[in-house]
Amino acid sequence: MRALIRKYRYVWLALFLLLLGYYFSLPQTLFLDAYSTVIEDRNNKLLGATIAPDGQWRFPEGNAVPEKFKTALVLFEDKRFYTHPGVDIRSLARATRQNFAAGKIISGGSTLSMQVIRLSRKGEARTFLEKVIEIVLATRLELRYSKDEILALYAEHAPFGGNVVGIEAACWRYFGRDATELSWAEAALLAVLPNNPALIHPGKNRQQLKSKRDRLLERLMAAGTFDSLTYELAIAESIPENPVALPRLAPHLLGRVMKEGYNGKRVVTTIDKSSQERLNELVHYHHEKLKGNRVFNAAALVVDVKTGRALAYVGNTAAGSAHGDAVDIVMARRSTGSILKPILYAALLDEGKMLPATLQPDVPTLINGFSPQNFTKEYDGAVPANQALIRSLNVPAVHQLRDYRYEKFYELLKSTGISSLNQPADHYGLSMILGGAEASLWEITGVYASMARTLNNFFEVPGSNRYSKNDFHAPTYLLHDSVAQRNLEASSWLSASAIYLTVDALQEVYRPGEQTGWRMFSNSKKIAWKTGTSHGLRDAWAIGVNGDYAVGVWVGNADGEGRPGLTGTESASPMMFDIFGQLSGNKWFSVPQSELHQVEICARSGMRATDLCEARITQLVTVNGLQSTACRYHQRVHLSLDKKFRVHTACESITRLLTESWFVLPPIQEYYYKTKNISYKSLPPLRSDCANPANVITMDVIYPRANARIFIPRQLDGNPGSALFEATHRQPGVVIYWHLDGNFLASTRGTHRVAVAPSAGKHKLTLVDDAGNIMEQGFSVLSGN
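Residues numbered from 1 in each chain as written. Predicted model: local features only at pLDDT ≥ 70, side-chain atom pairs only at ≥ 80, totals over all residues. Heavy atoms only, no water.

(A) Structural context of helix α17 (residues 406–416). For α17, the complete set of buried residues consists of Phe409, Tyr410, Leu412, Leu413 and Thr416. Summarising the axial view, the buried residues of α17 lie within an arc of 165 degrees, below the 170-degree limit, and thus occupy one face. Check the buried side of α17 and you find it contacts α14 (341–351), α16 (394–404), α18 (425–428) and α19 (441–457). Glycine 417 sits one or two positions beyond α17 and adopts a positive phi of about 135 degrees. (Buried < 20%, exposed > 50% of the residue type's maximum accessible area, 1.4 Å probe, protein only. Helix = DSSP H or I, 4+ residues; strand = E, 2+ residues; numbered from the N terminus. Arc of directions from axis to C-beta. Contact = heavy atoms within 4.5 Å.)

Pasting the structure below:
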């Protein structure tokens, strides 16, 4: 035996090398083609696709071959496909006879396996040597792949005329539908197309194509694949005209998929096709109305609360390239306006820094050069926190953020999902709550959905550890995206109780237009929602949430042009309500009773009631709310018997004093509050004999003096000049509030100086200090600005 091996060792070596070469003859990857980028909905329905970089419509590999196409193809191309080893000797013999008889190559005798090899070896000449190579590689192909896998390779890479490659792309380009929905006539047509795609394709040589299709249909009937009635119906079907456009249901999501590294891949998204189609229609409907005000762009997003999956995604309107319709506004960073206020409201409730209806200052405010104003340019003096949120008042929100600290709020926003804050907290400061920070519709809708998810999941697990900070996460559009495990803890970024009190307040917000009477409908959906409008009327936001969905809407111009009337309430919220109207389900939030406590609240201040509070109500508050500050606005005052004056024991007998509880606001708040609340009663003045015996003036104006006539020259460059007014106060550290002709100018502490540029004529200067002392005096400007 050893001698035999030695004798034929070179033969054995050659045989081994031959087998080794045969084993490695087939490339590990047959096709290195560029593919179209394809996105599908959660049920694998096509949402959109791009043409491949080489200009071909070629969908990525992966989908199963339709049974009708498979049956028609095997009968037409390779009827012994399932029995041969990659080469059909009988077909090769027949092809050889036909070629010799014709004196030229008219038949190749190639099996489907050989055709797969030929497709993978692009550009190779059809020679005898090439045919041998195809035969060898076809047998190797059969050893690596199953018959169904070989059919799939052929179906995915066969040419179907023009720039259409693969069965899936052909179905959409020629029939406008998925390959699984093919009729027998369509399957037969596609089976014959790759045989000569350069000559026969829809829109050209249509009669020749139809004849070829019908002959195959007749063979299928003869083979018993279907009956004569099916055959008659099939041959009656017409040949398609020119190729049709592929669906473009979510073009901006398709663009995002490509930017995020999925070029040339098939991406199964979380989008629901029917919801996407309805959302497209709604955005288009509202866009047509908004165009009348030269508002050209809008975006909308629907997120499933439970999973965080995006169910519908409209990145922009079809406004044309001149209006930036290519911009994906769902992902664009825009000024947030007031849309972050509910997050701050919940955070303050969570820490017990206020209760739901605690009075908030709403007065002219100047903080380190920052002077916020309400949208209406008016002030209420003091307003309950929940009403300030509902009415989206700016001044109270700034005071709230100052109390909470903007640095801490900045960290909270980043923790809950606003990741686009790319500057330090000091860059944004207090303006963060009024649109000074930018965020995307994707992020903001995600935060609202996360708050709702946290509240819903609170009831999923018993015990003390009911929270997971992983419930706060950005939405996802990838169906198979992994979800972080819920690691249970005793707390999260926001408590369920604070979130519940926030959404409870937000369902009270005024509904625009016809939605004003929404409460009158028994089937109306409970929605917690908030609007936002950026400075200059450039961005209009509306975000709504219930137990099932979070809906985000942005309306504006992609180039940042502001328009009159472009507000969240009037421009964005009608679209949001229409979207909710199309969504099934009306789940509202359960009350987290274990985290909420009933306490007595002062009806006027919204703070924990004291003995001095006459009107009281009970209200649900968070655990930390139990330790919140008690009412500081009700004071015990001593009055004369006729209640016209305040007195004290230094000027009145104790037996002639009436003691009452009085609701007293700080002077500057009172000044504006009483103009909105006619029931408010100011403190009676001190009786004259109870005044300070020294009659000391606590506050005085240094410049201008009473009834002074002043001249204010223009500056050297011709711009209007100003005068520096100055006052003094006996008590250091007191704040003085300056008003000119009833309009607030500024507040000062310590050094009381204000630059003023009054017009020519008579004016009245009014100063109010912390204690409510008021000083008024007139002056005249001889020539002014």
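Alright, that's what it looks like, and here's the rest.
(B) Examining unusual backbone geometry more closely. The backbone of arginine 405 sits at a positive phi, close to 90 degrees, despite the residue not being glycine. Take arginine 405: it is sitting in the loop between α16 and α17. Here the phi dihedral of lysine 643 falls at roughly 65 degrees; this positive angle occurs in a residue that is not glycine.

(C) Structural context of a nonpolar patch on the surface. Residues Phe128, Leu129, Val132 and Val136 make up a contiguous nonpolar surface patch of roughly 410 Å² in combined accessible area. Among the secondary structure elements, valine 136 is positioned in helix α6 (residues 128–144). (Patch = residues over 30% accessible without salt bridge, like charges linked within 9 Å, V, L, I, M, F, W, Y side chains within 5 Å. Areas by Shrake-Rupley, 256 points an atom, 1.4 Å probe, with all protein chains shown as cover. Salt bridge = Lys/Arg side-chain N within 4 Å of Asp/Glu carboxyl O.)

(D) Region of the structure containing the packing of α14 against α17. In the contact formed by α14 and α17, the axes pass within 11 Å of each other and the chain directions differ by 110 degrees. Compared by their axis directions, α14 and α17 come out roughly perpendicular. The two elements α14 and α17 meet at a crossing, and its hand is right-handed. Residues Ile343, Leu344, Ala347 and Glu351 of α14 pack against Lys408, Phe409, Leu412 and Leu413 of α17. The residue makeup of the contact of α14 with α17, split by class, is 6 nonpolar, no polar and 2 charged. (Axes fitted to C-alpha atoms, helices over the stretch in contact; angles between N-to-C directions. Parallel < 35°, antiparallel > 145°, perpendicular 65-115°, else oblique. Left-handed = near helix turned anticlockwise from the far one by under 90°. Nonpolar A, V, L, I, M, F, W, Y, C, P; charged D, E, K, R; others polar.)

(E) Quick peek at a positive patch on the surface. Together, Lys79, Arg90, Arg94, Arg97 and Arg219 make up a region of like positive charge exposed at the surface. Here the element with the most residues in the positive patch is helix α4 (residues 89–102); it accounts for 3 residues. For arginine 219, the location among the structural elements is in helix α10 (residues 206–222). Relative accessible area serves as the criterion here: at 37%, arginine 219 is assigned to the partly exposed category. (Lys, Arg positive; Asp, Glu negative; His and termini not counted. Charge placed at Lys NZ, Arg CZ, Asp CG, Glu CD.)

(F) Highlighting the nonpolar core. Counting 80 residues, the largest nonpolar core has Phe409 and Ile433 as the members making the most contacts within it. When residues no more than four places from it in sequence are discounted, the contact partners of isoleucine 433 are Gly337, Ser338, Leu340, Lys341, Leu344, Ala397, Val398, Leu401 and Phe409. (Core = buried A, V, L, I, M, F, W, Y, C linked by side-chain atoms within 4.5 Å.)

(G) Representation of the packing of α14 against helix α20 (residues 496–506) in the model. Across the interface, α14 lies against α20 with an axial gap of 8 Å and an inter-helix angle of 135 degrees. When the interaxial angle is binned, α14 and α20 end up oblique. Where α14 crosses over α20, the two elements pack in a sense that is right-handed. Every residue of α20 that contacts α14 at Pro342, Tyr345, Ala346, Leu349 and Asp350 is listed here: Ala498, Leu501, Thr502, Ala505 and Leu506. Of the residues belonging to the contact of α14 with α20, the class tally is 8 nonpolar, 1 polar and 1 charged.

(H) Spotlight on empty space enclosed by the protein. Evaluated as defined, the whole model comprises 2 cavities of 30 Å³ or more. Of the volumes computed, that of the largest cavity is approximately 70 Å³. Surrounding the largest cavity, Pro342, Tyr448, Met451, Ala452, Leu455, Ile499, Thr502, Val503, Leu506, Val545 and Phe589 form its lining. Elements with a contribution of two residues or more to the lining of the largest cavity: α19 and α20. Looking at the lining of the largest cavity residue by residue, the class counts come to 10 nonpolar, 1 polar and no charged. Estimated volume of the second largest cavity: approximately 60 Å³. In terms of lining residues, the second largest cavity is bounded by Lys341, Tyr345, Ala385, Ala388, Leu389, Leu393, Pro396, Ala397 and Gln400. Listing elements by their share of the lining of the second largest cavity, those giving two or more residues are α14, α15 (385–390) and α16. (1 Å grid on protein atoms, 1.4 Å probe; cavity = no way out; pocket = protein on both sides within 12 Å on 5 of 7 lines; lining within 4 Å. Points joined across faces, edges and corners; volume = space filled by probe spheres on them.)

(I) Highlighting the sheet that holds strand β22 (residues 735–740). As summarised here, the arrangement of the 5 strands in space is β20-β26-β25-β22-β23, forming an open sheet in which the pairing is mixed. The outermost strands of the open sheet, each flanked by one partner alone, are β20 (708–710) and β23 (743–749). Strand-to-strand twist of the sheet, defined as the mean angle between neighbouring strand axes without regard to direction, takes the value 30 degrees. One ladder, built from 3 bridges, connects β20 with strand β26 (residues 774–781); its direction is parallel. Of the residues in β26, the one forming a bridge with isoleucine 710 is valine 781. In the packing of helix α22 (residues 667–676) onto the sheet, the strands contacted are β22, β23 and β25 (761–769), and the crossing angle to β22 comes to about 35 degrees. (Pairing = 2+ DSSP bridges.)

(J) A look at the sheet that holds strand β21 (residues 723–729). Taken in spatial order, the 3 strands line up as β19-β21-β24 in an open sheet, and their pairing is antiparallel. Lying at the two open borders of the sheet, with one neighbouring strand each, are β19 (699–703) and β24 (752–756). Taking each pair of neighbouring strands and ignoring which way they run, the sheet shows an average axis angle of 25 degrees. Here β21 runs beside β24; their pairing, made up of 5 bridges, is antiparallel. In the sheet register, glutamate 726 faces β24, and the bridge partner there is arginine 753.

(K) Region of interest: the side chain of glutamate 670. Mapped onto the fold, glutamate 670 is located in helix α22. Buried glutamate 670, no salt bridge; nearest opposite-charge side chain is lysine 674, N-O distance 4.2 Å. Side-chain polar atoms of glutamate 670 contact the side chain of tyrosine 680, separated by 2.7 Å. A polar contact of 3.3 Å, which involves the side chain of glutamate 670, links it to the side chain of serine 682. Setting aside its immediate chain neighbours within four residues, glutamate 670 contacts Leu665, Tyr680 and Ser682. (Polar contact = N/O pair within 3.5 Å; in protein donor to acceptor, adjacent residues only side chain to side chain.)

(L) Quick look at the pairing of strand β6 (residues 297–304). Counting buried positions over the 8 residues of β6 gives 8, a clear majority of the element. The alternating pattern of β6 places Asn297, Ala299, Leu301 and Val303 and Ala298, Ala300, Val302 and Asp304 on opposite faces, both of which are buried. Sheet topology places β6 next to strand β14 (residues 549–556); 8 bridges connect them, and they run antiparallel. Each bridged residue has a counterpart across the sheet, and for leucine 301 the counterpart in β14 is glycine 552. Taken together, the 4 bridges between β6 and strand β7 (residues 310–314) define a ladder with antiparallel strand orientation. Residue pairing across strands places alanine 300 opposite valine 314, the latter belonging to β7.

(M) Representation of the environment of threonine 37. Following the sequence through the fold, threonine 37 ends up in the loop between α2 (9–23) and β1 (38–40). Spatially, the C-alpha atom of threonine 37 lies 7.3 Å from that of isoleucine 51, the residues being 14 residues apart in sequence. In contact with threonine 37, other than residues within four places in its own chain, are Gly48, Ala49, Thr50, Leu254, Val257, Met258, Tyr262, Asn263, Gly264 and Lys265. At 2.8 Å, the side chain of threonine 37 forms a polar contact with the backbone nitrogen of glycine 264.

(N) Structural detail: the packing of aromatic side chains. A complete count under the given rule lists 19 aromatic pairs for this structure. Geometrically, the ring pair formed by tyrosine 633 and phenylalanine 663 is tilted, given 6.0 Å between the ring centres and 55 degrees between the ring planes. Of the two residues, tyrosine 633 is situated in the loop between β16 (616–621) and β17 (634–639) and phenylalanine 663 in strand β18 (residues 658–663); the sequence distance between them amounts to 30 residues. With respect to class, tyrosine 633 is no different from phenylalanine 663; both count as buried. Centroid distance tyrosine 671 to tyrosine 672: 5.0 Å. Interplanar angle 85 degrees. Geometry classified as edge-to-face. (Phe/Tyr/Trp six-rings, centres within 6.5 Å; stacked < 30°, edge-to-face > 60°.)

(O) Focus on the side chain of threonine 358. With respect to the helices, strands and loops of the structure, threonine 358 is situated in the loop between α14 and β9 (359–362). A polar contact is formed between the side chain of threonine 358 and the backbone oxygen of glycine 606, at a distance of 3.2 Å. Contacts of threonine 358, omitting those with residues within four sequence positions, involve Val383, Pro384, Ala385, Ser605, Gly606 and Met607.

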